[in-house]
Amino acid sequence: MTRTSNRTYWAAGTAVLLALLFAVAATVASASGGDGDGSRTSARAPGLYSPDAGFARDMAVHHQQAVEMSFIVRDRTKDEPVRGLAYDIANTQANQRGMLLGWLDLWGLPKVVADEPPMSWMGTAGQHGGHGTAGQGTAGHDVSGHDMPGHDMGGAAAKPGALMPGMATKEELAQLGAAEGRDAEVLYLQLMTDHHKGGVAMAQGCAQQCETPAERALAQGMVEAQQSELTLMADMLKQRGAAPRG
C-alpha cells in the first residue's frame, strides 16, 4: 500500500473512531437523562416518520449489506490490504448499526415500518412531525407518509434489484461469492465504492435534517470517513489495473 494510501486509510479510521466515541458518549448521556437540561430524552423522542428515525432504520439495513460483503471477500482473497479494509468496514459498520438500532429502542420506535418506502425520510423535512409522540404528524399532513406533495427519495435512485442507492443486488452478491483472488478484490472494491457513495448521500441527508445531535454527529462522521475510504478504494483499484464502475 502506498504512503498516500496509508495516510488516507489512517484519516478514515480516525474519523470513524471519533464519531463512534462521540456517539457512544451521547447515547449514554441520553439514556441517563437527556441533554443536561433536566428533561428526559423519551419526552422529545423523534416521531415515527422523522428523518432521525428513518435514517436509523435505513442506514442499519444499508450497513448490514456492507458487513455481509466484507465477510464474503475475506474468504475469497488472501490479499492483506483488502482483507484489512474489509475487516475495518465490517467492524465499524456493525458497531454503527448497533448504535442506530439502539437509538430506535431508546426512542420506543420500531426497526421496520411496513408502509415506509426506503429513504422516503430524505424528502420529509417539515412534512412529518420531527419530534414528539411516535406516529403523530404535522397538522394537515398524512402521518402514514404516502404520496404527499414534495415527498421524494432525496434525489437518489436505486438500481433495479437493489433496495436502496448504492446497495448491491442479489446477483452481484452471488457473483462476489463466486469470485476469487484479484477478481474478488476488484469486484468488492467496486461494489463497496458504489455502496459508500449511496451511504454518503444518505448520511449527508441526516447531517442536514436530523434533530438529534448525537445522530447528526455520527452521520457527519460517516460522511467524512466514507469519503476518505472512497479515495483509498480508488487507489486500491488503480493498483489492480481497474477503476470504479460508472
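Residues numbered from 1 in each chain as written. Predicted model: local features only at pLDDT ≥ 70, side-chain atom pairs only at ≥ 80, totals over all residues. Heavy atoms only, no water.

1. With respect to the overall build of the protein chain
Spelled out, the test is: Each helix is a run of DSSP H or I of at least 4 residues and each strand a run of E of at least 2, with the numbering of both proceeding from the N terminus. We call two residues in contact whenever any of their non-hydrogen atoms come within 4.5 Å of each other. Here the accessible surface of atoms and residues is derived via Shrake-Rupley with a 1.4 Å probe, and residues count as covered only by protein chains that are part of the display.
Helix and strand counts for the protein chain stand at six helices and zero strands. Moving toward the C terminus, one meets the helices and strands of the protein chain in the order α-α-α-α-α-α. Here the contacts in the protein chain between residues at least 6 apart in sequence split such that 77% fall between residues at least 24 apart. Summed over all atoms, the accessible surface of the protein chain reaches about 11200 Å², with 56% contributed by carbon and sulfur.

2. Comments concerning the nonpolar core
The cut-off we apply is this: By nonpolar core is meant a set of buried Ala, Val, Leu, Ile, Met, Phe, Trp, Tyr and Cys residues that side-chain atoms within 4.5 Å join together. Categorising residues by exposure relies on relative accessible area from a 1.4 Å probe, with only protein chains included: less than 20% of the type maximum marks a residue as buried, more than 50% marks it as exposed, and the intermediate range marks it as partly exposed.
Counting residues in hydrophobic clusters, the biggest one holds 57 residues, and the most contacted among them are Phe55, Met69, Leu100, Tyr188 and Met202. Put simply, the parts of the chain that give this core at least two residues each are α2 (51-74), α3 (80-107), α4 (170-178), α5 (181-209) and α6 (213-239). The leading source of residues in this core is α5, at 11 residues. Among residues more than four places away in sequence, those in contact with methionine 69 are Ala168, Leu173, Leu176, Tyr188, Leu191, Met192 and His195.

3. Some points on the packing of aromatic side chains
What counts here: Any pair of Phe, Tyr and Trp rings, taking the six-membered ring for Trp, is counted once the centres come within 6.5 Å. Such a pair is stacked with planes under 30 degrees apart, edge-to-face with planes over 60 apart, and tilted for the rest.
The final tally for this structure, using the stated rule, is two aromatic pairs. Between phenylalanine 55 and tryptophan 121 the ring centres are 5.8 Å apart and the planes differ by 80 degrees, which places this aromatic pair in the edge-to-face class. Residue phenylalanine 55 is found in helix α2, and its partner tryptophan 121 is found in the loop between α3 and α4; the two are separated by 66 residues along the sequence. Judged by relative accessible area, phenylalanine 55 falls into the buried class, the value being 0%. Taking relative accessible area as the criterion, tryptophan 121 reaches 0% and is therefore assigned buried.

4. Side note on the confidence of the model for the protein chain
Just so we agree on the cut-off: The quantity called pLDDT is the predictor's confidence in a given residue, expressed from 0 to 100.
Residues of the protein chain with pLDDT of at least 70 account for 69%, and the chain-wide mean is 79. A low-confidence stretch, residues 14-42 stays under pLDDT 50, and its non-local contacts, those more than four residues away or across chains, total 35 contacts. Ignoring residues within four places in sequence, the model shows residues 125-155, a span with pLDDT below 50, making 64 contacts including any to other chains.

5. Brief notes about the state of the cysteines
For clarity, the cut-off: Here, the term disulfide refers to a pair of cysteine sulfur atoms separated by no more than 2.5 Å.
Applying the stated criterion across every chain yields a total of one disulfide. Between cysteine 206 and cysteine 210 runs a disulfide, and the two sulfur atoms are separated by 2.3 Å. Its S-S torsion of about -120 degrees marks the bond between cysteine 206 and cysteine 210 as left-handed, since a negative value means left-handed. On the basis of relative accessible area, cysteine 210 is assigned to the buried category, the value being 3%.

6. Section: the environment of threonine 212
Relative to the assigned elements, threonine 212 resides in the loop between α5 and α6. For the pair threonine 212 and aspartate 52, spaced 160 residues apart in the sequence, the C-alpha separation amounts to 6.8 Å.

7. Quick look at α5
Applied cut-off: Expected helix span is taken as 1.5 Å per residue step, with the number of steps being one fewer than the number of residues.
With 29 residues, α5 should cover 42 Å at 1.5 Å per step; its first-to-last C-alpha distance of 41 Å lies within 8% of that length. In terms of residue burial, α5 counts as a mostly covered element, since 21 of its 29 residues are buried.

8. A closer look at the pattern of salt bridges
How we decide: When a carboxyl oxygen of Asp or Glu lies within 4 Å of a side-chain nitrogen of Lys or Arg, that pair is called a salt bridge.
Summed over all chains, the structure comprises 10 salt bridges. Notably, a salt bridge pairs glutamate 172 with lysine 159, separated by 2.8 Å at the nearest N-O pair. Of this pair, glutamate 172 sits in helix α4 while lysine 159 sits in the loop between α3 and α4, and the two are 13 residues apart along the sequence. Take lysine 159: its relative accessible area is 29%, and that puts it in the partly exposed class. Here arginine 245 and glutamate 172 are joined by a salt bridge, their closest N and O atoms 3.3 Å apart. Of this pair, arginine 245 sits in the segment after α6 while glutamate 172 is found in helix α4, placing the two residues 73 residues apart along the sequence.

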